[in-house]
Amino acid sequence: MTVFKAFLKVVNKYKFTIILYTVILIIFAGVNIQTNDKSMNFVASKPDVLIINNDENIGITENLVNYISQTCNIVDIEENEEEIKDALFYRKVNSIIYIPENYRQNFLNGLNPEIEIKSTGDYQSSLAEIMLSRYIKVANAYADYPENEQISKINEILSKETEIDITSKLDTENLSRATLYYNFLNYSILAGLVYVICLILSSFREEKIRKRTIISSMNYKKYNRQLLLSNGILSITLWVFYVILSFVLIGNVMFTTHGLILIVNSFIFSICSLCIAFLIANIVSNKNAINGIVNVIGLGSSFLCGAFVPVEWLPDSVLKIAHILPSYWYIQTNELVKELEIVNMESLKPVFVNMLVVLVFSIIFVVLSHWGRVPVGHFKKKR
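All of the points below concern the structure found in this document. (Residues numbered from 1 in each chain as written. Predicted model: local features only at pLDDT ≥ 70, side-chain atom pairs only at ≥ 80, totals over all residues. Heavy atoms only, no water.)

The description of an aromatic ring pair uses the distance of the two centres, along with the angle that the planes make with each other. Inspection of the entire model under this criterion finds 15 aromatic pairs. With 5.2 Å between their ring centres and 75° between their planes, Tyr181 and Tyr182 make a pair best called edge-to-face. Residues Tyr181 and Tyr182 agree in their burial class; the two are buried. With a centroid separation of 5.2 Å and 90° between ring planes, the pair formed by Tyr328 and Trp329 is classed as edge-to-face. Judged by relative accessible area, which is 18%, Trp329 ranks as buried. Feature note: the residues Phe184, Tyr187, Phe303 and Phe308 constitute an aromatic cluster, connected by ring pairs. (Phe/Tyr/Trp six-rings, centres within 6.5 Å; stacked < 30°, edge-to-face > 60°. Buried < 20%, exposed > 50% of the residue type's maximum accessible area, 1.4 Å probe, protein only.)

Quick look at the structure:
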């Protein structure tokens, strides 16, 4: 208990560091979650179009104008060159469609007349071009029909709409929020936990602390066990706190199987972070150096592996480099859970593989620590 009490005193000394990383998690994860709450549903919008019809407004020409009017917002602008250029420049219209003279007659004669279109080059103008192209393709398919029948067929085809039924039962919105939180948790666990444990271990390695321990009656093996156990308790305590925080911020989705997988995944990553802390503390004793190393590891892993920037936005070259970091496999598991429609042994195979990789990283860090100096103080009393 003596070691544990001393450990608690050192933890209390660095409590503000723990609070800092927790506040960072709450702020950034909270902001990301609130941003993700905004509706991402697709709403069809109509581009603003100006039609300059140089043909008679009858027959196939009239039908074309009517179709554009139904699918786009028709803007009325004085038809002079200066006004038209200004409308396009100031984005009053997205596209200007020029129907040439004798369009109807040339189309009926099979001459395939060209319709000129000027646009702003944005996505709205592209939508207008797609709609115009759609009409022309359908019209060309019935070019051999009489005009009245041709118009009827065109309208029939273009009036058809496809119904889409969403059969997924996933709560995608809340799962995305959970994934954002646990992805960002990579930084709080890795940077916060590793930083605090490294500072604690370096404090126990100070010369006067080591000397007092050496002259005490405590066996060094028992001392090491208690110190390692204390670090484990700290890691689990922080992990439990972060998990409880996720229930508060995210809600009911954390009570599902998907939420359980995210929790287990974060626990495994916490073990890996603990092993990283022992390795760093084993190699470096200078507290200022520890601060720099932890920042590089925490920030570097978070940026490279998708904790701060969504994985789908990262270049392939960056993700290939990220494979050598445990954070990559941790975050990949979170991303898999977000899209997991059916939970069974087959679908969970990639998840188990990623978790296993993180555990392998943990073993590697433990082995590397064993080859170095023992961070908690290897000593033996003289008789």
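There's more to say after this.
For a regular strand, the rule is simple: side chains alternate between the two faces of the sheet. With five of five residues buried, strand 3 (residues 95-99) lies mostly within the body of the structure. Alternating positions in strand 3 separate into two faces, Ser95, Ile97 and Ile99 on one and Ile96 and Tyr98 on the other, with burial throughout. Across five bridges, the pairing between strand 1 (residues 48-53) and strand 3 is parallel. Considered in strand 3, the bridge of Leu50 is made with Ile96. Pairing analysis gives four bridges linking strand 3 to strand 4 (residues 116-119), with the strands arranged antiparallel. Within strand 4, the residue paired with Tyr98 across the bridge is Glu116. (Helix = DSSP H or I, 4+ residues; strand = E, 2+ residues; numbered from the N terminus. Pairing = 2+ DSSP bridges.)

A separate point is the packing of helix 8 (residues 172-204) against helix 11 (residues 257-283). At a closest axis distance of 9 Å, the pairing of helix 8 and helix 11 adopts a crossing angle of 25°. Taken together, helix 8 and helix 11 sit at an angle that is classed as roughly parallel. In this structure, the crossing between helix 8 and helix 11 has a hand that is right-handed. In the contact of helix 8 with helix 11, the residues fall into 20 nonpolar, five polar and no charged. (Axes fitted to C-alpha atoms, helices over the stretch in contact; angles between N-to-C directions. Parallel < 35°, antiparallel > 145°, perpendicular 65-115°, else oblique. Left-handed = near helix turned anticlockwise from the far one by under 90°. Nonpolar A, V, L, I, M, F, W, Y, C, P; charged D, E, K, R; others polar.)

By the element assignment, Asn265 lies in helix 11. Given the relative accessible area of 2%, Asn265 is considered buried. Beyond its immediate stretch of four places on either side in the chain, Asn265 contacts Tyr330, Thr333, Asn334 and Met355. (Contact = heavy atoms within 4.5 Å.)

A separate point is helix 14 (residues 326-338). Along its 13 residues, helix 14 runs 19 Å from first to last C-alpha, staying within 8% of the 18 Å computed at 1.5 Å per residue. Burial runs high along helix 14: 11 of the 13 residues are buried. All buried positions along helix 14 are accounted for by Pro326, Ser327, Tyr328, Trp329, Tyr330, Ile331, Gln332, Thr333, Asn334, Glu335 and Val337. (Expected span 1.5 Å × (residues − 1).)

Taken together, the four strands give an open sheet; going across it, the order is 2-1-3-4, and neighbouring strands pair in mixed fashion. What marks the edges here is a single partner per strand, and that holds for strand 2 (73-74) and strand 4. Against the sheet, helix 6 (residues 123-141) makes contact with strand 1, strand 3 and strand 4, and its axis sits at roughly 165° relative to strand 4, the strand it touches most.

This next bit is on the environment of Phe269. Within the secondary structure layout, Phe269 lies in helix 11. The sequence separation of Phe269 and Asn186 amounts to 83 residues, and the corresponding C-alpha distance is 8.1 Å. What Phe269 contacts, discounting residues up to four positions off in sequence, is Asn186, Ile189, Leu190, Pro326, Ser327, Tyr330 and Val358.

Moving on, we get to unusual backbone geometry. With phi around 60°, Arg91 is a residue other than glycine that occupies positive phi space. Within the element layout of this structure, Arg91 appears in the loop between helix 4 (81-89) and strand 3. For Asn102, which is not glycine, the phi dihedral falls at a positive 60°. Inspection of the secondary structure puts Asn102 in the loop between strand 3 and helix 5 (103-108).

Glancing now at the side chain of Thr120. Here Thr120 is to be found in the loop between strand 4 and helix 6. The class for Thr120 is buried, based on a relative accessible area of 16%. At a separation of 2.9 Å, a polar atom in the side chain of Thr120 contacts the side chain of Asp122. With near-sequence residues (within four places) excluded, Thr120 lies in contact with Leu88, Arg91, Val93, Asn94 and Ser125. (Polar contact = N/O pair within 3.5 Å; in protein donor to acceptor, adjacent residues only side chain to side chain.)

Before going further, it helps to examine the environment of Ile74. Mapped onto the fold, Ile74 is located in strand 2. What makes Ile74 partly exposed here is its relative accessible area of 35%.

Bringing the environment of Ile250 into the picture now. The residue Ile250 is located in helix 10 (residues 220-250) in this model. Along the sequence, Ile250 and Ala178 sit 72 residues apart, while their C-alpha atoms lie 6.2 Å from each other.

One finds Tyr182, Val194 and Leu234 to be the most contacted residues of the largest nonpolar core, which totals 68 residues. The element that contributes the greatest number of residues to this core is helix 8, accounting for 19 residues. (Core = buried A, V, L, I, M, F, W, Y, C linked by side-chain atoms within 4.5 Å.)

So far we have only geometry, and geometry alone does not tell us how the molecule works.
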